[in-house]
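# Coordinates in review
As a plain string of letters, each chain reads:
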Amino acid sequence: MIIAIVSGKGGTGKTAIATSLAAILGERGQLMDCDVENPNSYLYIKPKNVKEERATIEVPEIDLEKCTHCGKCVEACQYGALADIGAEFLFFDKLCHSCAACWTVCPEDAITPVGREYGTITMSESAYGADFVQGKLDVSEVLTPTLIYQVKEKTDKNKITIIDGPPGAGCPLYAVLEDVDFTILVTEPTAFGYHDLERALELVKKAEVDAGIIINRSTVGNAPIKELGAKFNVPVILEIPYDDEIAKNYSRGAMLVSIKSELKEELSIMLEHIIDNTLEEIQ
Amino acid sequence: MNEIVILSGKGGAGKTTVTAALCALAENLVAADCDVEAANLKFLLNYLPEDPENKVEEFYGMKRAVIDPEECTNCGKCEEICRFHAIEEIDFSRKVITSSCEGCAACTIVCPEPEAIKMVKHQAGEIYHSKTKLNISLVHASLGIGEENSGLLVAEVRKRSGELVKNQEIDLVLVDGPPGTGCPAASSLTGANFVILVVEASVSGMADFHRIAELIDGFKIPKAVIINRYDINDEATETIRKYCEENDIPLLGKVPHDITCQKALADELPVVLYDKEAPASIALIESWKNLRETLSF
């Protein structure tokens, strides 16, 4: 089973919830940090026995001996990543989406796909029993959804996988929601939280995934989150009031479930109902 | 002319709160919201969605593949070549999942039927010029739900704000940036001459600060720091302050955790206009003064 934690707006508490759920699951769980531009779960879940591998994408390598300068590859590339200046080819690696068009169209078999590193995938155990997988895009790389797909290939089907998702409601979030069984949307009841949640809910609807909403810092605003959820048939499954003690300890790397034991209890009950598909019982 | 981008790496660090406050303190500027997946600056600048002078433009990203089920023989070659999980089989025909298609057209190369796959213009969002009650011209945008091309849309927003600057002889553009370090963040930096990094005083705020700082250094753009919610974590604040000092990064200000920011948001006002005596406002006014000194304008 895969449960994704997403939000629309950043900074609402995705990572706090994801790491806590992974800790509650312990050895039954696998935490997967798919916020590959800013992965932060590791700060809280404390990985150990870390194995790293470099993530690669295929990019073209052109054999100038075989190339007849027919121009088909340059024409085929929709991203402007190839330019033929006669004596040599210019390849702009950051523009390449690794789509395979150039080596597929080449009539001379002059283009070979070769690996280019663009990120790191780490696999580890954690101090809380759950396995931990993290994707981290190299700075200045932009193929966020591609890396998310590669990280998700590490899903352990025998475990309950908790995905810490990216902010926004664009292609990275869409990449996360594919093949997910349940989505938890973490929001705050401010105008920003409301607006961004609405966009995330539209995407969750489009991806046809079951979902529930956690209102974090539920006392900082009055935006009608419940009503918004109801419009999309998505229930509010937990409210966490603002608490200075949580804010201060969490900012120092403490796990949410270690800061407040009653919160651990509430999250555990919520999680079991999600796993058993009996959420209506706690509404 | 100064084009200043406000970034943070981490979401929710306070970019929009800071941007709106600086917009309220500056005069004669254009505001641009480059967080096209979650554009919120308009709320704090009190935009006037119905103003007759507002403009809306359609935004077209990359073309997308469309398969004609009448011509498709369901051979599956397109699905095999597609690197973006964008083609699936439905009712004995291949179909494109538009949200996943990145417009590479590799499928059109391998398809044996000349008429089966066409690359079609695709609207991926909208761009707006809006009037605001604060009398600031705001350029903002909305990326379609789940769409690609956020980087392209960010570039279009920047281009539009550049045009406004030329027409109105304005000398300042304030850009509310997107979170992350990927495509939209990189795109918001092209053409900027200064970056303000809003850093949340927390372990994750610091981790993300170092990643976004590396991206900015790659662009060779000078930067300054505002620490937000500094009083939540004094040790983190001290670490950031020291780092800034050692690396010659101007520290423009330290903004405390202040519930007034939430109240101002509920009233749709920049915090410095909601209550200029509030602790957060005092810190932001100080930051603005320091910014003007740093850039001598």
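Up top is the structure.
Residues numbered from 1 in each chain as written. Chains lettered and ligands numbered in written order. Predicted model: local features only at pLDDT ≥ 70, side-chain atom pairs only at ≥ 80, totals over all residues. Heavy atoms only, no water.

## Quick word on the nonpolar core
What counts here: To form a nonpolar core, buried Ala, Val, Leu, Ile, Met, Phe, Trp, Tyr and Cys residues must be joined to one another through side-chain atoms within 4.5 Å. When a residue's accessible area, from a 1.4 Å probe over protein chains only, is under 20% of the maximum for its type it is buried; when over 50% it is exposed; and in between it is partly exposed.
By size, the foremost hydrophobic cluster in this structure holds 78 residues, and its most contacted members are A:Leu147, A:Val151, A:Ile163, A:Leu185, A:Ile213 and B:Ile117. In this structure, B:Val173, B:Leu189, B:Cys244 and B:Ile249 belong to the second largest nonpolar core, which totals 41 residues.

## Regarding the interface of chain A and chain B
Basically, it comes down to this: Should any heavy atoms of two residues lie within 4.5 Å, those residues are considered in contact. Two parts placed together each lose some accessible area under a 1.4 Å probe, and the buried area is that loss summed for both. Salt-bridge detection follows one rule: a side-chain nitrogen of Lys or Arg within 4 Å of a carboxyl oxygen of Asp or Glu. Each polar contact in these results corresponds to two N or O atoms within 3.5 Å; when the atoms are within protein, one needs to be able to donate a hydrogen and the other to accept it, and residues that are neighboring in sequence are counted only if both atoms are side-chain atoms. Helix numbering and strand numbering both begin at the N terminus, where a helix is a DSSP run of H or I of at least 4 residues and a strand a DSSP run of E of at least 2.
Contact with chain A, which involves 56 residues of that partner, is made by 57 residues of chain B. Where chain A abuts chain B, roughly 4,600 Å² becomes buried across the two surfaces, and 57% of that area is made up of carbon and sulfur atoms. For the chain A face of the interface with chain B, the top three residues by lost area are A:Val139, A:Phe192 and A:Arg199, together amounting to 15%. Linking chain A to chain B there are two salt bridges. In this structure, the salt-bridge partner of A:Arg252 is B:Glu235, at a minimum N-O distance of 2.8 Å. Summed over the shared surface of chain A and chain B, the number is 29 residue pairs in polar contact (both at pLDDT 80 or more). For the side of chain A that touches chain B, the secondary structure elements donating two or more residues are helix H2 (42-45), helix H4 (101-105), strand S7 (131-137), helix H5 (144-152), helix H6 (171-177), helix H7 (191-206) and helix H9 (244-250) of chain A.

## With respect to the packing of helix H7 (residues 203-219) of chain B against helix H8 (residues 234-246) of chain B
All names here are of chain B. Stated formally: Between the N-to-C directions of two axes lies an angle of 0 to 180 degrees, each axis being a line fitted to C-alpha atoms and, for a helix, fitted only over the stretch in contact. Oblique is the label for any angle not covered by the other classes, which are roughly parallel (under 35 degrees), roughly antiparallel (over 145) and roughly perpendicular (65 to 115). By definition, any crossing whose near helix is turned counterclockwise from its far helix by less than a right angle is left-handed, and any crossing with a clockwise turn is right-handed. Residue classes follow a fixed rule: Ala, Val, Leu, Ile, Met, Phe, Trp, Tyr, Cys and Pro count as nonpolar, while Asp, Glu, Lys and Arg count as charged, and any other residue, Gly among them, counts as polar.
Running from N to C, H7 and H8 point in directions that differ by 20°, and their axes come no closer than 10 Å. Here H7 lies roughly parallel to H8, going by the angle between them. Crossing hand, H7 versus H8: right-handed. Together, Met206, Phe209 and His210 of H7 and Ala236, Thr239, Ile240 and Tyr243 of H8 make up the contact between the two elements. Across the contact of H7 with H8, the residue classes tally to five nonpolar, two polar and no charged.

## Overview of the sheet that holds strand S2 (residues 29-33) of chain B
All names here are of chain B. For clarity, the threshold we go by: When DSSP finds two or more bridges between two strands, those strands count as paired.
Pairing in this open sheet of nine strands is mixed, and the strands run S3-S8-S9-S2-S10-S1-S11-S12-S13 from one edge to the other. Pairing within the sheet leaves two strands with one partner each, and these edge strands are strand S3 (55-60) and strand S13 (251-255). Adjacent strand axes in the sheet meet at a mean angle of 20°, parallel and antiparallel pairs treated alike. As paired strands, strand S8 (residues 123-130) and strand S9 (residues 137-143) are joined by six bridges and run antiparallel to one another. Residue pairing across strands places His129 opposite Val139, the latter belonging to S9. Across the face of the sheet, helix H11 (residues 279-295) comes into contact with strand S1 (2-7), strand S10 (172-176), strand S11 (194-200), strand S12 (223-228) and S13 while running at roughly 175° to S13.

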